[in-house]
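Chain by chain, the residues run as shown.
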Amino acid sequence: MYTAENGLYVAHGPQGPISITGKMANRHGLIAGATGTGKTVTLQVMAETFSQAGVPCFMADMKGDLSGISQTGKMSSFIEKRCGEFGITSPEFGSCPVRFFDVFGEQGHPMRTTVSNMGPQLLSRLLGLNDTQEGVLNIVFRVADDRGLLLLDMKDLRSMLDYVSKHASEYTSTYGNVSASSIGAIQRALLVLDGQGADKFFAEPAFDIYDLLQCEAGGKGVLSVLAADKLMLNPKLYSTFLLWLLSELYAQLPEVGDMDLPKLVFFFDEAHTLFDDTPKALVDKIEQVVRLIRSKGVGVYFVTQNPTDIPDVILGQLGNRVQHALRAYTPKDQKAVRAAAETFRTNPAFKTDEAIMELETGEALVSFLDPKGAPSMVERARILFPLSQIGAITDEQRQLIINRSRLYGKYDKMIDRESAFEVLLAESEQAIAQAEAEKAAAEEEKAAEAAAKAEAKASGKKSAPKQETGIAGKILKAALGAAITSVTASAGTVVANSVTGKKSKTTGKDVANKAIKSATSTATRQLTRSILGNLLK
């Protein structure tokens, strides 16, 4: 609970109230402990306290238990006992302003993003791609950017993959090799993602992160509760979505430095899913975001079972810590307990590693940063009780809150504007229509040529006899002319010799035979014989 006297009061130790220092709340934190030790209640108490101080929070609700923060709590025997232990009289029970969100749009306002906003690196992690396939996906995004094509939803990405695959030879020299096997692997991974509801997650309108930074008229910070029971069936989708949300906050929020209170507190439940099978390059990016986002006024609190679930490079950034009980049944568990104990500043009053195993439900080891940024000595303390309802609400209560929200109607209707899918589809249809037109024109031209040939052939058959007669006549005429010339020449010789009285060895009969032999055909020879016969008579 938040009070003017104790500030962000979340636990009570032997020395009295233990509070988070407001200026240090953006230095991040850790809530750890085994299942059933009270992590969810601790998260609810801290979120409720921040809300009362006017700090909005975002948190994922794994089992629906956190939805009770929207309802006013009431006195119980357990709370009455705690009031006596903490010295609290007449606690003021109340609810917090809550907005419910759901990636699938079933238990809250839809939370969507676009494929472009997610980016190839986070999308590659989501799809489980190797380095080569991630490189191809980067090429696809680059080609889309160069062509000015929007990648908004899954069908845009699939269309773009198909386009790049068909034009791979054009882009290989510029962007690198695009193999059909890598394209196929990405397409198969997208099919799996589709089956997990990605078609509802990648769409417009995209979520505006400034809707997380809201306060109600009374000054309380709005608590944005993400229904994550269904989302957690795919831990990689869950963790990648929250990482995207953190990245968007980091990218869009302005630098504000250290403030008296943070602008937003982000609770990352089941934080171990963020680092399972995560490439080092992405872990480095997470570390960068966690390290730098505090300057944007955002505090990130990881919630997990064991501190060893968090890489050391990131664990070192978490200054505000609440450690619930851990169980050490095996040597591996004992080693984890010792590792958790070593992350605290030692308290000579007890042994940290032993205390971790002895903690009761609702009890924890607590260490927050002091005003100078140094970790305080670890204390064994009891977590405060929430002033809101503990446990889930009914579906009717949830729907009533959704309907009354200021965001009602803003994200509910999905928008499908012109993007890569529509543009590439239009280009494909235009190419098909042009190809069909060219094919039809070619077929028409071919048919015209065939008709012209048929007509020419038919015309040729009708005129052939005349042509043959004409040719025969020309040949006969030429042969006759040759025969007459030959006969005339020979006859002239005979007549000349007869007139002059000159004797010649060539007789008329020889002349005739010579003329006949010089004829070019049987018909010509017969004609020649007839002519010579008449001349020589």
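Above this text is the structure in question.
Bear in mind the structure is a predicted one, so any value in this text is a computation, not a measurement.

A. Focus on the pattern of salt bridges. On inspection of all chains with the given rule, the structure shows 19 salt bridges. For Lys 280, the salt bridge identified is with Asp 284, shortest N-O distance 3.1 Å. Taken together, the residues Lys 280 and Asp 284, both in helix α10 (residues 280-292) and 4 residues apart, mark about one turn of the helix. Lys 280 sits in the exposed class, given a relative accessible area of 62%. The residue Glu 363 makes a salt bridge to Arg 380 at a minimum N-O spacing of 2.9 Å. Of this pair, Glu 363 sits in strand β12 (residues 363-367) while Arg 380 is found in strand β13 (residues 379-383), placing the two residues 17 residues apart along the sequence.

B. Representation of the nonpolar core in the model. Grouped together as the largest cluster of nonpolar side chains are 82 residues, with contacts concentrated most on Leu 123, Met 160, Phe 202 and Phe 302. In terms of residue count, the dominant contributor to this core is helix α9 (residues 235-252) (9 residues). Not counting residues within four places of it along the chain, the set of residues in contact with Leu 123 comprises Val 115, Met 118, Leu 137, Phe 141, Leu 157 and Phe 202. Counting 45 residues, the second-largest nonpolar core is a separate cluster that includes Ala 11, Phe 50, Ala 53 and Ile 401.

C. Representation of the packing of aromatic side chains within the structure. Following the criterion strictly, the structure yields 14 aromatic pairs and no others. Pairing Phe 101 with Phe 207 gives two aromatic rings, centres 5.4 Å apart and planes at 80°, and the pair type is edge-to-face. Taken together, the residues span a long stretch of sequence, with Phe 101 in strand β6 (residues 98-102) and Phe 207 in the loop between α8 (198-201) and β8 (223-227) at a distance of 106 residues. Across the pair, exposure class does not vary: Phe 101 and Phe 207 are buried alike. Put simply, the rings of Phe 58, Tyr 238, Phe 266, Phe 268, Phe 275 and Phe 302 pair up and form one aromatic cluster.

What counts, and at which threshold
Residues numbered from 1 in each chain as written. Predicted model: local features only at pLDDT ≥ 70, side-chain atom pairs only at ≥ 80, totals over all residues. Heavy atoms only, no water. Salt bridge = Lys/Arg side-chain N within 4 Å of Asp/Glu carboxyl O. Helix = DSSP H or I, 4+ residues; strand = E, 2+ residues; numbered from the N terminus. Buried < 20%, exposed > 50% of the residue type's maximum accessible area, 1.4 Å probe, protein only. Core = buried A, V, L, I, M, F, W, Y, C linked by side-chain atoms within 4.5 Å. Contact = heavy atoms within 4.5 Å. Phe/Tyr/Trp six-rings, centres within 6.5 Å; stacked < 30°, edge-to-face > 60°.

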